[in-house]
Every structure is written in C-alpha cells, then in structure tokens.
Amino acid sequence: MSLNDNELVDRCLKGEQTAWSEFYSLYHNRIKQIVSWRKWSFTDGVIEEIVQDVFLDLIKGLKAFKGESTLLTYIQRITKNKCISALRKETTVKRKGDKDSISYEDVEYKSTSDLNKPLCPASFGKPEETFLKLEEARVVRASLDQLSSKCREIVMMRYCDELSYEEIGERLSIPGGTVCSRLKRCLLRLSEIYSEMSSGFNVKR
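If you're wondering where the values come from, they're calculated on a predicted model, not measured in any experiment.

Chemist: Describe the overall build of the protein, listing the residues and the values that go with them.
Modeler: When helices and strands are counted, the protein shows 8 helices and 0 strands. Listing every helix and strand of the protein by position from the N terminus yields α-α-α-α-α-α-α-α. Within the protein, residue pairs in contact and separated by at least 24 positions form 67% of the contacts whose partners lie at least 6 positions apart.

Chemist: Any details on unusual backbone geometry? Residues and values, ideally.
Modeler: With a phi close to 65°, S41 is a non-glycine residue in the positive phi region. One can find S41 in the loop between α2 (19–35) and α3 (44–61). In this structure S41 comes out as exposed when scored by relative accessible area, which is 56%. Of note in the backbone geometry, S173 takes a positive phi value of approximately 60° without being a glycine. The exposure class assigned to S173 is exposed, which follows from its relative accessible area of 66%.

Chemist: I'd like a rundown of the side chain of S191, residues and numbers included.
Modeler: Along the chain, S191 falls in helix α8 (residues 176–200). Apart from residues lying up to four places away in sequence, S191 is in contact with W20 and I59.

Chemist: Talk me through the confidence of the model for the protein; I want residue IDs and the actual numbers.
Modeler: Per-residue pLDDT for the protein averages 75, and the proportion of residues at 70 or more is 72%. Low confidence marks residues 98–132, where pLDDT is under 50. Its contacts with residues over four positions away, or in another chain, come to 60 contacts. Across residues 201–205 the pLDDT falls below 50, and counting only partners more than four positions away or on other chains, this stretch makes 18 contacts in the model.

Chemist: Describe in detail the pattern of salt bridges, supporting the description with residues and values.
Modeler: Inspection of every chain in the model, using the stated rule, returns 7 salt bridges. Linking R158 and E49 is a salt bridge whose minimum nitrogen-to-oxygen distance equals 3.6 Å. With a gap of 109 residues between them, R158 in helix α6 (residues 149–159) and E49 in helix α3 connect regions that are remote in the sequence. Taking the shortest distance from any N to any O, the salt bridge between E192 and R189 comes out at 3.1 Å. With a gap of 3 residues between them, E192 and R189 both fall in helix α8, about one helical turn apart. For R189, a relative accessible area of 37% gives the class partly exposed.

Chemist: Any chance you could break down the packing of aromatic side chains for me, citing the residues and the numbers?
Modeler: Evaluation of the coordinates by the stated rule reveals 7 aromatic pairs. Each ring, one from W37 and one from W40, has its centre 5.3 Å from the other, and the planes form 85°; the classification is edge-to-face. For W37, a relative accessible area of 43% puts it in the partly exposed group. Pairwise contacts between aromatic rings join W20, F23, Y24, Y27 and F55 into one cluster.

Chemist: Give me the lowdown on the environment of D10, citing residues and values where you can.
Modeler: For D10, the position within the fold is in helix α1 (residues 3–13). Distance in space between the C-alpha atoms of D10 and K63 is 9.3 Å, their sequence separation being 53 residues.

Chemist: Would you mind going over the nonpolar core in detail, with residue names and values included?
Modeler: Counting 52 residues, the largest nonpolar core has F23, L62 and L71 as its most contacted members. When contributions to this core are tallied by element, the ones reaching two or more residues are α1, α2, α3, α4 (71–96), α5 (127–146), α6, α7 (165–172) and α8. With 9 residues, α8 is the largest single contributor of residues to this core.

Chemist: Tell me about the state of the cysteines, residues and numbers included.
Modeler: Among covalent bonds in proteins, the disulfide is the one between the sulfur atoms of two cysteines. According to the stated counting rule, one finds 1 disulfide in the structure shown. Shown here is the disulfide that connects C151 with C186, its sulfur atoms set 2.2 Å apart. Taking the sign of the S-S torsion, -80° for the link of C151 and C186, the bridge is left-handed. With C151 in helix α6 and C186 in helix α8, this pair connects stretches of sequence that are 35 residues apart. A single burial state applies to C151 and to C186, both of which are buried.

Reading the values: the criteria
- Residues numbered from 1 in each chain as written.
- Predicted model: local features only at pLDDT ≥ 70, side-chain atom pairs only at ≥ 80, totals over all residues.
- Heavy atoms only, no water.
- Helix = DSSP H or I, 4+ residues; strand = E, 2+ residues; numbered from the N terminus.
- Contact = heavy atoms within 4.5 Å.
- Buried < 20%, exposed > 50% of the residue type's maximum accessible area, 1.4 Å probe, protein only.
- pLDDT = per-residue confidence, 0-100.
- Salt bridge = Lys/Arg side-chain N within 4 Å of Asp/Glu carboxyl O.
- Phe/Tyr/Trp six-rings, centres within 6.5 Å; stacked < 30°, edge-to-face > 60°.
- Core = buried A, V, L, I, M, F, W, Y, C linked by side-chain atoms within 4.5 Å.
- Disulfide = S-S within 2.5 Å.

See below:
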C-alpha cells in the first residue's frame, strides 16, 4: 500500500471529518465505471444504488484492509463482487418472479419496525467470529442511533427495508436524485461516527 493510501485509510479509521469525503471523491468515478460496464446491463438507477452499496461495504470493511494489495485493487474487488451479487439477484427475480433478500456481511435489520429489537447476526461458525460480529453489530447500531432522525430514516429504508431510490422518494415525497445525494451525505456521516465508535468498542477484524 502506498504512503498516500496508508494515510488516507488511517484518517478514515480515525473518523477524521474530511477523510471519507476525500475517499469518496477519489474512488467514486472508478467504482461507477466498473458498475456501469455494459455487460452488467444495469439501469442508471441500479448503478447509483450499487455505487452507494459499495461505499457502505467500504465503511464497514475498511478495517479489514491490510495493505496486501493496493487500495484501488481492494476497492475494485469489492465492487465487482457487489455487481455479481446484484446480477444474481436480478436473475433470481426474473426467474422466480419475487424478491430474495440480500444478506449483508455484518448485520441486517429486518425492517424499520425492528429498531428496538436486539441484533442477531446469522451463524458465523467459530465462537470468536460470532463474538466479533456481535461487537460490530453493536457499533453499527450505536452509530445509527447517533445519526439525525432524517438520516437514520433514509439509511434504514435503503439498507434494511431494501427500498429502491424511487420507492424512498415516493415515501418521502422527494425526487430520486435528492434521495441519492441525501443518502451520500448520510453515509459519509455514518462512516465518521462508525470509525470513532469502533475504536471505543475495540472492534477488530
């Protein structure tokens, strides 16, 4: 990992105010370029959703980056995996005519009505892995609780209720483009809070 990569990752994990904005600006176009590859055949709306999903995965998983490759290679791998998952989901929907839920790596709220219920990650195998996942779940939950009510609502709609940008826009009576920009701001804020709180919870990967 280059010195610049190392510095940026360290700043993000320390919760520095501007680090995640720099991170997003630096890698957004490359992520979008991968997701926009014509052979994926994703619509413009799906492309924007996947880009935001990749960023959320990076917020939760940047601690796992050990510098064994360049940061760009790491981000490209996550992006391609997210595209493959989205493609499989679309294929399944077309084949079955219904919507299968996607299991996110760390923790999954089932709906906004479950906010007051304890988090129960799926089985992770080894007891120590389960413990670490539970610790991460507590940090995610605590970080969400620190968001403003508007941010928490839109994040929950997107990543817990799994609503599309259009569906969120209809519920909030705002355009889809506004949903995209607002979600970006909220994810940046969530990343800062998560980085700050994860050190306090001693979460390690």
